[in-house]
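As a plain string of letters, each chain reads:
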Amino acid sequence: MDTKNLIKAFSTLGKRLRELSEEDLELLIVRARAENAWFTDASIRLSLEGIIKFLDEETLTKWTSSYELKNHSVKTVGVVMAGNIPLVGFHDFLSVLICGYKALIKLSSKDSVLIKQLTAML
């Protein structure tokens, strides 16, 4: 998939996250907190808000325009995600995919609910 289509996909994810009902968001927060008791409602919401702001088509286009993203052989990039902050590995995930690589992810046992939800929505 080319960069333009990836930007479109991720900006659509941003829109879908923005449109989550309060009920669905609360359910997601409850599931994430059950997995990691150190997460607070506020920290999860803050992480999601930051990701939503970044997953804007204009923001993603501006960010990627700083780099020369050419067609290249598809490689797989391994990403080991931490679990100390909600969705802390999301930017790594986004960066690997936006560069046109495949992502092989080792999820944290303390933060898998949120990233799984976002990838399912993607």
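Think of each chain on its own: its residues are numbered from 1, step by step along the sequence as written. Local features in a predicted model are, by the rule used here, given only for residues with pLDDT of at least 70; side-chain atom pairs are given and counted only at 80 or more, and totals for whole chains, interfaces and linings are based on all residues. Excluded from the side-chain calculations are hydrogens and water; all other atoms, namely the structure's heavy atoms, are used.

Trainee: Quick question: what am I supposed to make of the pairing of strand β2 (residues 102-106) here?
Mentor: Consecutive residues of a regular strand have side chains that alternate between opposite faces of the sheet. Of all the five residues making up β2, zero are buried; the element is thus mostly uncovered. Strand pairing is assigned whenever DSSP identifies at least 2 bridges connecting the two strands. Secondary structure counts use DSSP, requiring at least four H or I residues in a row for a helix and at least two E residues in a row for a strand, with both numbered from the N terminus. Note: strand β1 (residues 76-80) against β2, five bridges, orientation parallel. If you follow V79 over to β2, its bridge partner there is I105. A clockwise path from the first strand over the helix to the second, with the strands pointing away from the viewer, defines a right-handed crossover. Running through helix α5 (residues 90-98), the crossover from β1 to the neighbouring parallel element β2 is right-handed. For every residue, the accessible area obtained with a 1.4 Å probe (protein chains only) is divided by the maximum for its type, and the residue is called buried under 20%, exposed over 50%, and partly exposed between those limits.

Trainee: It is not clear to me how the nonpolar core should be interpreted in this structure. Could you clarify?
Mentor: Burial of nonpolar side chains together is a common tendency in soluble globular proteins. What we call a nonpolar core is a set of buried Ala, Val, Leu, Ile, Met, Phe, Trp, Tyr and Cys residues that are connected through their side-chain atoms within 4.5 Å. Counting residues in each nonpolar core, the largest one holds 30 residues, and the members touching the most others are F10, L17, L55, L87 and F90. Per-element tally for this core: the top contributor is α5, with six residues. Apart from the residues lying within four places of it in its own chain, the contact partners of L55 are F10, S11, L13, G14, L17, R18, L60, F90 and L94. By definition in these notes, contact holds between two residues if any of their heavy atoms fall within 4.5 Å.

None of this, on its own, says anything about what the molecule does.
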